Amino acid sequence: MTERGGNPVKVVLVSAVALIDSEGRVLLARRPDGKAMAGLWEFPGGKVEPGETPEHALIRELHEELGIDTWESCLAPLTFASHSYDDFHLLMPLFACRKWQGIVTPREGQALKWVAPARLRDYPMPPADIPLIPILRDWL
């Protein structure tokens, strides 16, 4: 916990991935109705549970949310986001992944879209994800 204006702030660690297909497109997932920030597009991933590394959290989340399997050796650390929301502070490492097994399938009601890096800004995203776009675009 850190202090913001004298009040404790909860820090949430979330791991995210830029899945990159053979055409160089990046997978975005649309947050389903009923979830916070519903309707916004984001890089797949999720909360890092106690005792997990960010890489293991991604491996678990990709299996649960998209039905694919990958390996720690296929997750390349790319950058991170650090963003304060009203009720928590998000710390989010972003990994790049070009190799996985299985077919990407939405398993949690989310819409999926493969997007060319130059078109990522066309999709409304949570505030923490937006600064990741130019870094990802320049890297690809």
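Structure report, in brief. Fair warning: this is a prediction, and the values are worked out from it, not measured in the lab.

Here we come to the side chain of Gln110. Assignment of secondary structure puts Gln110 in the loop between β8 (89-97) and β9 (111-115). When its relative accessible area of 8% is taken as the criterion, Gln110 is described as buried. In terms of polar contacts, Gln110 uses its side chain to reach the backbone carbonyl oxygen of Glu65, at 3.1 Å. A distance of 2.8 Å separates a polar side-chain atom of Gln110 from the backbone nitrogen of Glu108. Ignoring sequence-local partners within four residues, the contact set of Gln110 consists of Ala29, Arg30, Pro32, Glu65 and Leu66.

Another aspect to go through is the sheet that holds β8. By way of backbone hydrogen bonds, the strands of a sheet pair with one another, either parallel or antiparallel. The 4 strands lie next to each other as β6-β3-β8-β7, forming an open sheet whose pairing is mixed. Since the sheet does not close on itself, it has two edges, and those belong to β6 (45-47) and β7 (76-84), each with one partner. Between one strand axis and the next, the sheet turns by 20° as a mean value, whatever way the strands run. Summarising the sheet, strand β3 (residues 11-19) and β8 pair through 7 bridges and their orientation is parallel. Residue pairing for β8: Val12 is matched across the bridge by Leu90. Set on the sheet, helix α1 (residues 54-66) makes contact with β3, β6 and β8; between it and β3 the angle comes to about 65°. With respect to the sheet, helix α2 (residues 132-139) is in contact with β3, β7 and β8, its orientation differing from that of β7 by roughly 165°.

The rules behind these values
Residues numbered from 1 in each chain as written. Predicted model: local features only at pLDDT ≥ 70, side-chain atom pairs only at ≥ 80, totals over all residues. Heavy atoms only, no water. Helix = DSSP H or I, 4+ residues; strand = E, 2+ residues; numbered from the N terminus. Buried < 20%, exposed > 50% of the residue type's maximum accessible area, 1.4 Å probe, protein only. Polar contact = N/O pair within 3.5 Å; in protein donor to acceptor, adjacent residues only side chain to side chain. Contact = heavy atoms within 4.5 Å. Pairing = 2+ DSSP bridges. Axes fitted to C-alpha atoms, helices over the stretch in contact; angles between N-to-C directions.

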